Amino acid sequence: ADEGVAERLAPIADAGAEIRISLASVNAELCDDASGAPRFERTVAGIRRLIELGANPKVDVMLMPGHVDDVATQLHELRTQFPASTKISFGILYLSGREQGEHLFPSRGALEEALDRIAFEAGEAIAPAPKSPTAAHPIVTIAIPSRGVT
């Protein structure tokens, strides 16, 4: 999204649509490299323009294993480019199509370690997944004594 695209998207946001914009990483160098073209600055300018026009876009930062250190140390800098109300979330690549190899976390544990590192280093709170609707209703287990079977 650049400023011209922002002008066209703003009325859609006014009508109630959620606008989500992806960045391939937290800074121009990594984002442009992962995107294969200069994209970061234009996209950030487009996000700012959408906000000026009254939209509240969500920013999805793609999280790749090779970018964890940079995300941990630079997420705060990205956040300062937008109002505090702008939601920033992580997009996690999964095995399909072009997403392979170094772009994928090798395990759930590796992903969780990366998120912990980012939260700790960046001082960000990463909200837990919402509880299941049934979690509010504890399961009661009743022990029924067995009658001796002979």
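Quantities reported herein were computed from a predicted structural model and do not represent experimental measurements.

A short note on the sheet that holds strand β3 (residues 88-92)
If you trace the three strands from one edge of the open sheet to the other, you get β1-β2-β3, paired in parallel fashion. Sheet topology places β1 (20-23) and β3 at the edges, where each strand pairs with a single neighbour. The mean inter-strand angle of the sheet, taken between neighbouring strand axes irrespective of direction, is 35°. Docked against the sheet, helix α3 (residues 40-52) engages β1 and β2 (58-63), running at close to 155° with respect to β1.

A few points about the pairing of β2
Successive residues of a regular strand alternate their side chains across the two faces of the sheet. In terms of burial, β2 is largely enclosed, as six of its six residues are buried. Burial of β2 is two-sided: the residues K58, D60 and M62 facing one way and the residues V59, V61 and L63 facing the other way are all buried. Two elements, β1 and β2, share four bridges in a ladder whose sense is parallel. Following the sheet pairing, R20 is matched in β2 by K58.

Regarding helix α4 (residues 68-79)
Spanning twelve residues, α4 covers 16 Å between terminal C-alpha atoms, matching the ideal 16 Å at 1.5 Å per step. Among the residues of α4, those classed as buried are V68, V71, A72, L75 and L78. Buried positions in α4, seen along its axis, are confined to an arc of 135° and lie on one side of it. Where α4 is buried, its residues touch β1, α3, β2, β3 and α5 (108-122).

A word on the pattern of salt bridges
Under the counting rule described, the total for this entry stands at eight salt bridges. Between E7 and R49 there is a salt bridge whose closest N-O contact spans 2.6 Å. Remark: R49 occurs in helix α3 and E7 occurs in helix α1 (residues 3-14); sequence separation between them is 42 residues. Given the relative accessible area of 40%, E7 is considered partly exposed. Exposure remark for R49: the relative accessible area of 22% places this residue in the partly exposed category. Between R108 and E112 there is a salt bridge whose closest N-O contact spans 2.8 Å. Here R108 pairs with E112, and both are found in helix α5, just four residues apart, close to one helical turn. Looking at E112, the relative accessible area reads 38%, which means it is partly exposed. Connected through shared salt-bridge partners, E18, R20, K58 and D60 make up one network.

Analysis parameters
Residues numbered from 1 in each chain as written. Predicted model: local features only at pLDDT ≥ 70, side-chain atom pairs only at ≥ 80, totals over all residues. Heavy atoms only, no water. Pairing = 2+ DSSP bridges. Helix = DSSP H or I, 4+ residues; strand = E, 2+ residues; numbered from the N terminus. Axes fitted to C-alpha atoms, helices over the stretch in contact; angles between N-to-C directions. Contact = heavy atoms within 4.5 Å. Buried < 20%, exposed > 50% of the residue type's maximum accessible area, 1.4 Å probe, protein only. Expected span 1.5 Å × (residues − 1). Arc of directions from axis to C-beta. Salt bridge = Lys/Arg side-chain N within 4 Å of Asp/Glu carboxyl O.

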